[in-house]
Amino acid sequence: MGHCVVAAAEEILDKKFQVLDRGFVRLVDYMGSDDRIVQAARVSYGDGTKTLRQDEGLINYLLRNGHTSPFEQVVLTFHAKMPIFVARQWVRHRSARLNEVSGRYSLMPDEFYSPAFEYIAEQSEDNKQGRSAKPMETSRAKMVLDVIRRVHSFSYDGYKELLDAKTARELARIVLPLSLYTEWYWQIDLHNLFHFLKLRLDKHAQKEIRAYAKVLRDMGAKVCPIAFKSFDKYVLGGLSFSEDEVGGLRRMLKGEKHGLVGKEGKRFELKIKGA
Ligand SMILES: Cc1cc2nc3c(=O)[nH]c(=O)nc-3n(C[C@H](O)[C@H](O)[C@H](O)COP(=O)(O)OP(=O)(O)OC[C@H]3O[C@@H](n4cnc5c(N)ncnc54)[C@H](O)[C@@H]3O)c2cc1C
């Protein structure tokens, strides 16, 4: 009992892991580990310490059955730096606590996100909220980057001009674009981190926030390797089905056609094929 100290987590503590061109994530602190999850769960039954295999079985059982409160006993604090448009998506996760750098108080540094070539793509034809999986050809991608960088310089020059004219920092900053980097301390418990990761590792989430989610996932797995293995198996690797889809699966098990038609049928087929 007492503080949980996890050697693999101690090793990455305070180290910056780069994300995108200028961003990072750093694990500042952690409270609890796989041990804390099982200790908290066993308080329900007044049970003592068990073997590693039994602990793993218990964690799997908890996650499979939505018994999530023991996972809330693990708390992680990260320091992260990300473009403002990523921060706007991230901040929608209300179950975390955060403190962000203040553009009213501090001078915002000349740090903007410029996407790497493989991140530059056309608007997707089948997903109104996303980009095509195929990167743009280099000559057009270069033009895109030129425009992005030109606008960065233009708006930062405007910011400096406003500051030179003694304009309040809280007003001068309004000319800065969404690609400007911001940073914050972000604290979240493991149950809510799983929820965040489920949504933000998903292929429907924007590529840039997915890059952060991957790093957060790997850092969390250093603190709670068993819980993350279970999360991968039962949450990320799992699928949920509607009532009609369950009907379709049952018919397929009997050797019949699934019977779902139109868009619903297509969606179902893609889902079970893992596409
Ligand atoms: C791919 C994708 C696209 C998105 N597109 C858009 C978009 O176009 N526009 C947009 O505005 N948002 C968009 N979002 C944000 C999305 O709607 C959620 O706000 C965000 O994912 C946070 O999820 P959450 O509320 O479950 O998380 P949290 O805020 O962390 O909440 C966790 C859980 O706590 C409970 N909870 C928290 N607060 C409340 C509350 N006040 N009342 C009841 N229950 C609560 C809920 O069960 C919730 O699931 C998008 C998200 C994703 C992943």
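All values derive from a computational prediction rather than experimental measurement.

Further remarks concern helix α8 (residues 207–223). Three or four residues apart is the spacing at which side chains of an α-helix point the same way, because the helix has 3.6 residues per turn. Here α8 spans 25 Å end to end across 17 residues, near enough to the 24 Å set by a 1.5 Å rise per residue. Burial of α8 is extensive: 13 of the 17 residues sit out of reach of the surface.

Attention shifts here to the pairing of strand β1 (residues 16–19). In this sheet, strand β2 (residues 23–31) lies alongside β1 in antiparallel orientation, the contact comprising four bridges. Its bridge partner being in β2, Gln 18 is matched across the sheet by Phe 24. Hairpin connection between β1 and β2: a loop of three residues separates the two successive antiparallel strands, and Leu 20 in this loop has a positive phi of roughly 55°.

So, on to the state of the cysteines. For the coordinates displayed, the defined rule picks out zero disulfides. Counting only cysteine sulfurs, Cys 224 is the nearest neighbor of Cys 4, a cysteine outside any disulfide, at a range of 8.4 Å. Given the relative accessible area of 13%, Cys 4 is considered buried.

With that out of the way, let us pick up the environment of Met 108. Examined against the element boundaries, Met 108 turns out to sit in the loop between β4 (97–100) and β5 (121–123). Look at Met 108 and you get buried, because its relative accessible area is 7%. Considered as a pair, Met 108 and His 79 are 29 residues apart in the sequence and their alpha carbons are 17 Å apart. When neighbours within four sequence positions are excluded, Met 108 is seen to be in contact with Val 101, Gly 103, Tyr 156, Tyr 159, Leu 176, Leu 180 and Tyr 181.

Under the criterion given, the structure shown has 14 aromatic pairs. Ring geometry for Tyr 156 against Tyr 159: centres 5.4 Å apart, planes inclined by 50°, an arrangement best described as tilted. Taken as a pair, Tyr 156 and Tyr 159 lie in helix α5 (residues 138–164) at a separation of three residues, close to a single helical turn. The residues Tyr 156 and Tyr 159 share a single accessibility class, namely buried. Relative to Phe 196, the ring of Trp 186 has its centre 5.0 Å away and its plane inclined at 55°; by these criteria the two rings are tilted. Of the two residues, Trp 186 sits in strand β7 (residues 181–189) while Phe 196 sits in helix α7 (residues 190–200), which places them ten residues apart along the sequence. For the pair formed by Trp 186 and Phe 196, the shared burial category is buried. Above the plane of the ring of Tyr 181 lies Lys 81, whose end atom (NZ or CZ) is 5.7 Å from the centre.

Neighbouring the ligand are the residues Arg 92, His 93, Arg 94, Ser 95, Gln 129, His 195, Leu 199, Arg 200 and His 204. For the ligand, an oxygen atom lies 2.6 Å from a polar atom in the backbone of Arg 94. In the model, an oxygen atom of the ligand is placed 2.6 Å from a nitrogen or oxygen of the His 195 side chain. Calculation on the ligand without its partners gives an accessible area of 940 Å², and the protein chains cover 48% of this total. Here the shell around the ligand is built from residues that sort into one nonpolar, five polar and three charged.

Thresholds applied
- Residues numbered from 1 in each chain as written.
- Predicted model: local features only at pLDDT ≥ 70, side-chain atom pairs only at ≥ 80, totals over all residues.
- Heavy atoms only, no water.
- Helix = DSSP H or I, 4+ residues; strand = E, 2+ residues; numbered from the N terminus.
- Expected span 1.5 Å × (residues − 1).
- Buried < 20%, exposed > 50% of the residue type's maximum accessible area, 1.4 Å probe, protein only.
- Pairing = 2+ DSSP bridges.
- Disulfide = S-S within 2.5 Å.
- Contact = heavy atoms within 4.5 Å.
- Phe/Tyr/Trp six-rings, centres within 6.5 Å; stacked < 30°, edge-to-face > 60°.
- Lys NZ or Arg CZ within 6 Å of the ring centre and 35° of its normal.
- Near = heavy atom within 4 Å.
- Polar contact = N/O pair within 3.5 Å; in protein donor to acceptor, adjacent residues only side chain to side chain.
- Areas by Shrake-Rupley, 256 points an atom, 1.4 Å probe, with all protein chains shown as cover.
- Nonpolar A, V, L, I, M, F, W, Y, C, P; charged D, E, K, R; others polar.

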